[in-house]
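A closer look at the structure
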Amino acid sequence: MEISKHFLLWLFCLGAELPASSGSGNCKFEDTVNLTNAQRYSNGSYLYDNAILIPAHDVDIYDYEEVFDGNRISVDPHPRGCLCHRNEHGRLCAKFCCNNPAKEFISHATNQCEPTDRTAPYSPYFDVAQANGSALRRDVTKDFVVIAGIPCDNAYPLDVVGGGGTNKWQLFENGSLSLYQGEIVLSKRDYCLMFAPKANGKEMILTPMICPVPVVNEEPVLGVFSSIADFITTIFISLTLAVYLLLTDIKDLQGKCFMGFLISLALGCIFLTIISLPDVVFPQFSCGFLGFSAYFFTLASFFWLNVACFHMLKTAMGSTESNEGNKRLFRFYSAYACGVPFAFTIILIIIQATSISDRYKSGIGGDYCWFDPTNWSAMIYFFGVNAFLLCMDFCLYFVVFLNLRTTLKTQPDSKEVILQKKDAQRYGVLLLIVAIACFFDISANVSAVRQLEGESVWYYISSFINAVYGIFIFVLFAWGPVKKWRHQRECLRKGYAKDDDDTKNFENIEISTRNLT
């Protein structure tokens, strides 16, 4: 018991001497440096960067790290020294992404600093703004104390090709960063500096990594609006699918192809709805799984629509197959409509995992759950493929329309041709709706990448069209079977009522006859 008492007293005293996360007086977290790998002396002081002595009274134990916008993340307890609140050491402080800015870079796979074998030349000299308004050219790798840390998981490099000549950003001697001629000023907590390759890939430039800053009262509304639109589309596509499964007898190959379109579209909408949930942050693996699944199923829906249009042309041309031939044909259609999107998805995953330029990556599973809105990847891998398939579909539909019109002139009373024409008209309207939705999606993507004025307007229009898109599909393909089912139920109900009345009348006549007897 005595030993236990002394041990607990020792722990209490140790805890009193080393506060877990209180910080050093009035020192901000952004002015501290991690001392885990620094040399510690017996008096509690640390030697940082083999040059700066941090006294013991400026050292505390922290169990968190403070990142962009003041958010704190829990980490293992570690010592940090207050270094940049006073300029006693004669060197300035600047926030770099990595401890060794010239030899490390941020890996998109791990979002951590990793060594690089890049040999491209770079210049460490940069014009730093002084307190008196003048600019002094300094070596940022020697004249500044490196405070390492990445402000957020989705930090991106500011697109600059030179120093202050672009007037996009300016580094101050106190370590703060000015963007767009002073419109935005970031403290050391909210940015980091790194050397990134220029567009030509032949040299490296110093560029800040900054976090996306949401527009006040606009970004949350955009996210909620997109979520509602995706949810509405998902509900009506799922209802259309349920109607076709429960209320129709799908035997022909055209109906099976349309079912493939509905199933793929429903699953794609479900994954997109999950991704667009507001205020939900997914782990990296889950984020990538959701994004690539949404890509596969959404792309597969366009391929199934392409198959449906091709088979509609095949039927309009009078081509018929046996039951066994239809089974083989459906297997071929399935291999095309699912195999090609699967191959595209695998290629996208491989490209994302390689070390090529980010401009060629989709961003799915890296910094985003869906396509990176800052580059043209969605236009190349998604909207471009969809637009090409839609052009093919319209060409096939045009041939079908001409063929059916010619056939109706020679066979005006053919019920089969009339039914084919009605079915073709529905597919024509469907193609038009899909094309309109694709057009507004592309417009929203272009405005986002080029950061055009009125970007949110295109986003709202695109979300609205996507919401109405599901409703139109339900009206086109499911409302007819629902009406037919309701009519059949009404007829059956009336038929049973009539039978009950006849039975009662017969019983009354029999009773009257007995009385007369």
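Structure: see above.
Residues numbered from 1 in each chain as written. Predicted model: local features only at pLDDT ≥ 70, side-chain atom pairs only at ≥ 80, totals over all residues. Heavy atoms only, no water.

The grouping of Leu245, Leu246, Leu247 and Trp485 at the surface amounts to a nonpolar patch, some 420 Å² of accessible area in total. In terms of residue count, the dominant contributor to the nonpolar patch is helix α2 (residues 219–247) (three residues). (Patch = residues over 30% accessible without salt bridge, like charges linked within 9 Å, V, L, I, M, F, W, Y side chains within 5 Å. Areas by Shrake-Rupley, 256 points an atom, 1.4 Å probe, with all protein chains shown as cover. Salt bridge = Lys/Arg side-chain N within 4 Å of Asp/Glu carboxyl O. Helix = DSSP H or I, 4+ residues; strand = E, 2+ residues; numbered from the N terminus.)

Time to look at the state of the cysteines. Counted by the stated rule, this structure contains six disulfides. Residue cysteine 27 pairs covalently with cysteine 82 via a disulfide, S to S 1.8 Å. Looking along the S-S bond of the cysteine 27-cysteine 82 disulfide, the torsion reads about 100°, which is the right-handed sense. One end of the pair, cysteine 27, is in the loop between α1 (2–17) and β1 (32–34); the other, cysteine 82, is in strand β6 (residues 72–82), with 55 residues separating them in the sequence. (Disulfide = S-S within 2.5 Å.)

Next up on the list: helix α6 (residues 377–410). Over its 34 residues, α6 extends 50 Å from the first C-alpha to the last, a length consistent with the 50 Å expected when each residue adds 1.5 Å. At phenylalanine 383, α6 shows its strongest bend, of approximately 40°. (Expected span 1.5 Å × (residues − 1). Bend = angle between axes of the 7 residues up to and from the residue.)

Positionally, asparagine 445 belongs in helix α7 (residues 415–449). Taking the relative accessible area as the measure of exposure, asparagine 445 reaches 11% and is therefore buried. As a C-alpha pair, asparagine 445 and asparagine 375 span 70 residues in sequence and 9.1 Å in three-dimensional space. Once residues within four sequence positions are removed from consideration, asparagine 445 is found in contact with Trp376, Ala378, Met379 and Phe383. (Buried < 20%, exposed > 50% of the residue type's maximum accessible area, 1.4 Å probe, protein only. Contact = heavy atoms within 4.5 Å.)

In this section: helix α3 (residues 253–275). An ideal rise of 1.5 Å per residue puts 33 Å on 23 residues; α3 measures up with 33 Å between its terminal C-alpha atoms. Burial within α3 is extensive, with 17 of its 23 residues counted as buried.

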